[in-house]
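A structural walkthrough
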Amino acid sequence: MKIVIPGGTGQVGTVLDRALTAAGHEVVVLTRQPRREREVAWDGETPGAWTQQIDGSDVVINLAGRSVSCRYTEANLRAMMDSRVRSTRVVGEAIEAAVRPPRVWLQMSTATVYAHRFDAPNDEATGVIGGEEPGVPDYWAYSVEIARNWELAQRQTGTPHTRKVALRSAMVMSPDRGGVFDVLSWLARLGLGGPVAGGAQYVSWIHDRDFVRAVEFLIDRDDIEGPVNLAAPGPLPQRAFMRALRSAWRVPAGLPATKWMAEIGAFALRSDTELLLKSRRVVPGRLLEAGFAFDHAEWPGAADDLVRRLRDGRATGGRALRRRLPALPRSLQRRA
């Protein structure tokens, strides 16, 4: 199959590109700065020569959008919204104009669309969409609005010959350098991977190889369209999540952090506390109903596998990330 991946140079795109290419597919990545063979230039906003790649392709997997790994300032939140909505619209326009449109369009979305909650898991049928939860920062509602508009941009595109699926993805855990697993592992190995603000908030996640398998499953299943949760069936509280990660690294303890300490840490990592404090209790209702079987359904086993792969050298560790954080004491950097 010919598979086109707009915005495919980030962590998730790298995981998909590597796996789908190894499986024998022709993969083309659309990027603002092409550097390799199979990378084609686009700006994520306007039609251009890149649309020729979509015409005649079999599958489009749109991952484009500004990274959430940043401070959630008004300007950055607006950039997240604009980059996601505009890129989705222009991909839809390219599919709509194609003489031979792809048979399926998988559009990245996010599990952040669901409400911050502890009482019950969110699946696609009964999950509560967020934005009106009491007692949370106002800007969390804007993150939900980004997700809603992201999906709406796909739904509103007229593509009668192309099946559309919105991937409400949890955090994709892979041992690649700079990804979320790399950052969390780095904190755990420094002894900083304890509970944050009590650690009761749920963490939803998916193992990178299950993510790839789920994407392949959705490509093959012509009967599935609309929103699909890409998350392992075993979300767990943050304190248990980090405990399992520390165990995988054989680190006996992790320092707890209050909300204000989390704010300082998020600032140092150029990130935001929403990523640490929002309770994302998301489960893959539609995938399970359709018969998808997870190879890594529970976090302790998944963490063990990811740590083993990182140690075996099949993916790069976090040295480059540590070099980007010179404010940390050298003694702590050596411990990692």
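Above this text you will find the structure in question.
Let me sum up the structure you'll find in this document. (Residues numbered from 1 in each chain as written. Predicted model: local features only at pLDDT ≥ 70, side-chain atom pairs only at ≥ 80, totals over all residues. Heavy atoms only, no water.)

1. Regarding the overall build of the protein
Broken down by element type, the protein carries 13 helices and eleven strands. Taken against the 2.2 N^0.38 rule, which gives 20 Å for 336 residues, the C-alpha radius of gyration of the protein at 19 Å falls within 12% of a compact globule. Principal-axis analysis of the C-alpha atoms places the extent of the protein at approximately 60 × 45 × 40 Å. With 336 residues in all, the protein has 53% of them scored as buried. Across the protein, every contact between residues at least 6 apart in sequence was considered, and the portion connecting residues at least 24 apart equals 78%. Total accessible area on the protein is roughly 15,300 Å²; 52% of this is exposed by carbon and sulfur atoms. Put simply, the protein has 46 plus and 38 minus side-chain charges, and the middle of one group is 9 Å from the middle of the other. (Helix = DSSP H or I, 4+ residues; strand = E, 2+ residues; numbered from the N terminus. Rg over C-alpha atoms; globule rule 2.2 N^0.38 Å. Buried < 20%, exposed > 50% of the residue type's maximum accessible area, 1.4 Å probe, protein only. Contact = heavy atoms within 4.5 Å. Areas by Shrake-Rupley, 256 points an atom, 1.4 Å probe, with all protein chains shown as cover. Lys, Arg positive; Asp, Glu negative; His and termini not counted. Charge placed at Lys NZ, Arg CZ, Asp CG, Glu CD.)

2. Looking at the nonpolar core
In terms of nonpolar packing, the biggest core is built from 33 residues, with Leu16, Ile61, Leu106, Phe211, Leu218, Leu230 and Leu287 touching the most fellow members. Elements with a contribution of two residues or more to this core: β1 (2–6), α1 (11–22), β2 (26–31), β4 (59–62), β5 (104–108), β6 (163–169), α6 (208–220) and β10 (226–230). The greatest single-element share of this core, amounting to seven residues, is contributed by α6. Discounting chain neighbours no more than four positions away, the residues touching Phe211 are Val12, Leu16, Met108, Ser169, Val172, Ile206 and Leu230. Counting residues in each nonpolar core, the second largest holds 21 residues, with Phe181, Ala188, Ala244 and Trp249 among its members. (Core = buried A, V, L, I, M, F, W, Y, C linked by side-chain atoms within 4.5 Å.)

3. Brief notes about the side chain of Arg163
Assignment of secondary structure puts Arg163 in strand β6. Among the polar contacts made by the side chain of Arg163, one reaches the main-chain carbonyl oxygen of Ile224 at a distance of 2.7 Å. Contact partners of Arg163, with chain neighbours within four places excluded, come to Arg103, Val104, Trp105, Leu218, Ile219, Arg221, Asp222, Ile224 and Glu225. (Polar contact = N/O pair within 3.5 Å; in protein donor to acceptor, adjacent residues only side chain to side chain.)

4. Some details on unusual backbone geometry
Of note, Ala197 is a non-glycine position whose phi angle comes to about 55°, a positive value. Within the secondary structure, Ala197 is located in the loop between α5 (180–189) and β8 (202–203). For Ala197, a relative accessible area of 34% puts it in the partly exposed group. For Arg250, which is not a glycine, the phi torsion comes out positive at approximately 60°.

5. Things to note about the side chain of Thr162
Relative to the elements of secondary structure, Thr162 occurs in the loop between α4 (139–155) and β6. The exposure class of Thr162 is buried, given its relative accessible area of 5%. A distance of 2.5 Å separates the side chain of Thr162 from the backbone oxygen of Pro102, its partner in a polar contact. Look past the residues within four positions of Thr162 in its chain and what remains in contact with it is Ile95, Pro101, Pro102, Arg103, Val104 and Trp105.

6. Considering helix α11 (residues 299–311)
Helix length check: α11 (13 residues) gives 18 Å between terminal C-alpha atoms against 18 Å at 1.5 Å per residue, within 8%. By the burial criterion, the buried members of α11 are Trp299, Ala302, Ala303, Asp305, Leu306, Val307, Arg309 and Leu310. On its buried side, α11 packs onto β7 (171–173), α5, β9 (205–207), α6, β11 (236–237) and α7 (238–249). Where α11 terminates, the next one or two residues include Gly313, which has phi positive at roughly 85°. (Expected span 1.5 Å × (residues − 1).)

7. Let's talk about the packing of α1 against α6
The N-to-C vectors of α1 and α6 enclose an angle of 65°; their axes lie 10 Å apart at closest approach. Taken together, the axis directions place α1 and α6 in an arrangement best described as roughly perpendicular. The handedness of the crossing between α1 and α6 is right-handed. Between α1, through Val12, Val15, Leu16, Ala19 and Leu20, and α6, the contact on the second element is made entirely by Asp208, Phe211, Val212, Val215 and Glu216. (Axes fitted to C-alpha atoms, helices over the stretch in contact; angles between N-to-C directions. Parallel < 35°, antiparallel > 145°, perpendicular 65-115°, else oblique. Left-handed = near helix turned anticlockwise from the far one by under 90°.)

Geometric values such as these leave the question of function open.
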